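The chain contents come next:
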Amino acid sequence: VLSTSPLGPNFPFSGIDDRENWPTVFYNRTCQCQGNFMGFNCDDCKFGFTGTNCTVRRRLIRKEIFRMTTAEKDKFIAYLNLAKRTISSDYVIATGTYEQMNNGSNPLFADINVYDLFVWLHYYSSRDAFIEGGQVWADIDFAHEAPAFAPWHRYFLLRWEYEIQ
């Protein structure tokens with residue numbers, strides 16, 4: 001539930017950015033998957049589940065990076081490097097604004113590798129906000145200076161782990 005308290009002086013604008021009420025605006029604009037499924041088309045298993053019908057519980061143990069063996073660290077780095085060379089099969093990124101795309105009739109999208117997708121997602125969540133008249137709201141960071149800091153980063157890291165697994 002979002003607070004209805006007035007925003008502080010660091011939020012002089014309202015209703016101009018889809019990140020203002022994050023993550024509520026995200027949850028209200030996405031499909032709701034049933035059972036143990038998740039993802040943009042509900043065909044992935046929720047975190048902690050696997051199997052054809054996502055009914056097999058899977059326990060994941062995260063090992064402290066400073067306690068990893070050399071072989072484990074090398075494997076982890078190899079997967080990060082693989083993510084830099086693997087084009088995402090699910091996502092593309094916009095390479096132009098809605099206006100540049102002529103209201104959608106001239107699509108401007110590009111493939112992106114898995115690693116850079118997560119770089120882009122993090123950038124998008126914390127970038128400046130563009131407001132009317134060509135102005136930029138430069139001193140705002142919805143990802144790091146808002147109430148959703150912890151849950152957004154938790155979800156971000158879970159998705160990242162899911163992709164590199």
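Residues numbered from 1 in each chain as written. Predicted model: local features only at pLDDT ≥ 70, side-chain atom pairs only at ≥ 80, totals over all residues. Heavy atoms only, no water.

## Side note on the overall build of the protein
Consideration 1: In terms of regular secondary structure, the protein is built from four helices and eight strands.
Consideration 2: Ordered by position in the sequence, the α and β elements of the protein form the string α-β-β-β-β-α-β-β-α-β-β-α.
Consideration 3: Taking all 165 residues of the protein together, 25% fall into the buried category.
Consideration 4: Within the protein, counting contacts between residues at least 6 apart in sequence, those at least 24 apart form 49% of the total.
Consideration 5: For the protein, the exposed surface amounts to about 12100 Å²; the carbon and sulfur share of it is 55%. (Helix = DSSP H or I, 4+ residues; strand = E, 2+ residues; numbered from the N terminus. Buried < 20%, exposed > 50% of the residue type's maximum accessible area, 1.4 Å probe, protein only. Contact = heavy atoms within 4.5 Å. Areas by Shrake-Rupley, 256 points an atom, 1.4 Å probe, with all protein chains shown as cover.)

## A closer look at the environment of Asn 81
Consideration 1: Tracing the backbone through its elements, the reader meets Asn 81 in helix 2 (residues 70–85).
Consideration 2: Given a relative accessible area of 34%, Asn 81 falls into the partly exposed group.
Consideration 3: A C-alpha to C-alpha distance of 8.3 Å links Asn 81 and Tyr 115, two positions 34 residues apart in sequence.

## Some words on the side chain of Asp 44
Consideration 1: The residue Asp 44 is located in strand 2 (residues 44–45) in this model.
Consideration 2: In this structure, Asp 44 is buried with no salt-bridge partner, the nearest side chain bearing the opposite charge being Arg 159 at 4.3 Å.
Consideration 3: Looking at Asp 44, its side chain comes within polar contact range of the side chain of Tyr 162, at 3.4 Å. (Lys, Arg positive; Asp, Glu negative; His and termini not counted. Salt bridge = Lys/Arg side-chain N within 4 Å of Asp/Glu carboxyl O. Polar contact = N/O pair within 3.5 Å; in protein donor to acceptor, adjacent residues only side chain to side chain.)

## Topic: the nonpolar core
Consideration 1: In this structure, Leu 80, Ala 83, Ile 93, Ile 112, Val 114, Leu 117, Phe 118, Trp 152, Phe 156, Trp 160 and Ile 164 together form the largest nonpolar core, which totals eleven residues.
Consideration 2: Ranked by the residues each element gives to this core, the list is headed by helix 4 (residues 149–164), at four residues.
Consideration 3: Once residues within four sequence positions are removed from consideration, Ala 83 is found in contact with Asn 113, Val 114, Tyr 115, Trp 160 and Ile 164. (Core = buried A, V, L, I, M, F, W, Y, C linked by side-chain atoms within 4.5 Å.)

## So, the packing of aromatic side chains
Consideration 1: Counting across every chain of the model gives seven aromatic pairs.
Consideration 2: On the basis of an interplanar angle of 15° and a centroid distance of 5.6 Å, the ring pair of Trp 120 and Tyr 124 is categorised as stacked. Taken together, the residues Trp 120 and Tyr 124, both in helix 3 (residues 114–126) and four residues apart, mark about one turn of the helix.
Consideration 3: Taken together, the ring pairs in this structure connect Tyr 115, Phe 118, Trp 152, Phe 156 and Trp 160 into an aromatic cluster.
Consideration 4: Residue placement shows Lys 84 over the ring face of Tyr 115; its charged tip is 4.7 Å from the ring centre. (Phe/Tyr/Trp six-rings, centres within 6.5 Å; stacked < 30°, edge-to-face > 60°. Lys NZ or Arg CZ within 6 Å of the ring centre and 35° of its normal.)

## Things to note about the state of the cysteines
Consideration 1: Taken as a whole and assessed by the stated rule, the structure comprises two disulfides.
Consideration 2: In this model Cys 33 forms its disulfide with Cys 42; the gap between the sulfur atoms is 2.0 Å. Between Cys 33 and Cys 42, the disulfide has an S-S torsion of -85° and is therefore left-handed.
Consideration 3: Residue classification places Cys 33 among the partly exposed residues on the basis of a relative accessible area of 23%.
Consideration 4: Sulfur-sulfur distance for the disulfide between Cys 45 and Cys 54 comes to 2.1 Å. Judged by the sign of its S-S torsion, about -85°, the bond between Cys 45 and Cys 54 is left-handed.
Consideration 5: In the protein, the cysteines engaged in disulfides, taken in order along the sequence, are linked 1-2, 3-4. (Disulfide = S-S within 2.5 Å.)

## Observations concerning helix 4
Consideration 1: Given a rise of 1.5 Å per residue, 16 residues ought to cover 22 Å, and the 23 Å separating the end C-alpha atoms of helix 4 matches this to within 8%.
Consideration 2: Of the residues making up helix 4, those classed as buried are Trp 152, His 153, Phe 156, Leu 158, Arg 159, Trp 160 and Ile 164.
Consideration 3: Where the residues of helix 4 are buried, they touch strand 1 (37–38), strand 2, helix 2, strand 5 (87–94) and helix 3. (Expected span 1.5 Å × (residues − 1).)

Everything listed is a geometric property; what it means functionally is a separate question.
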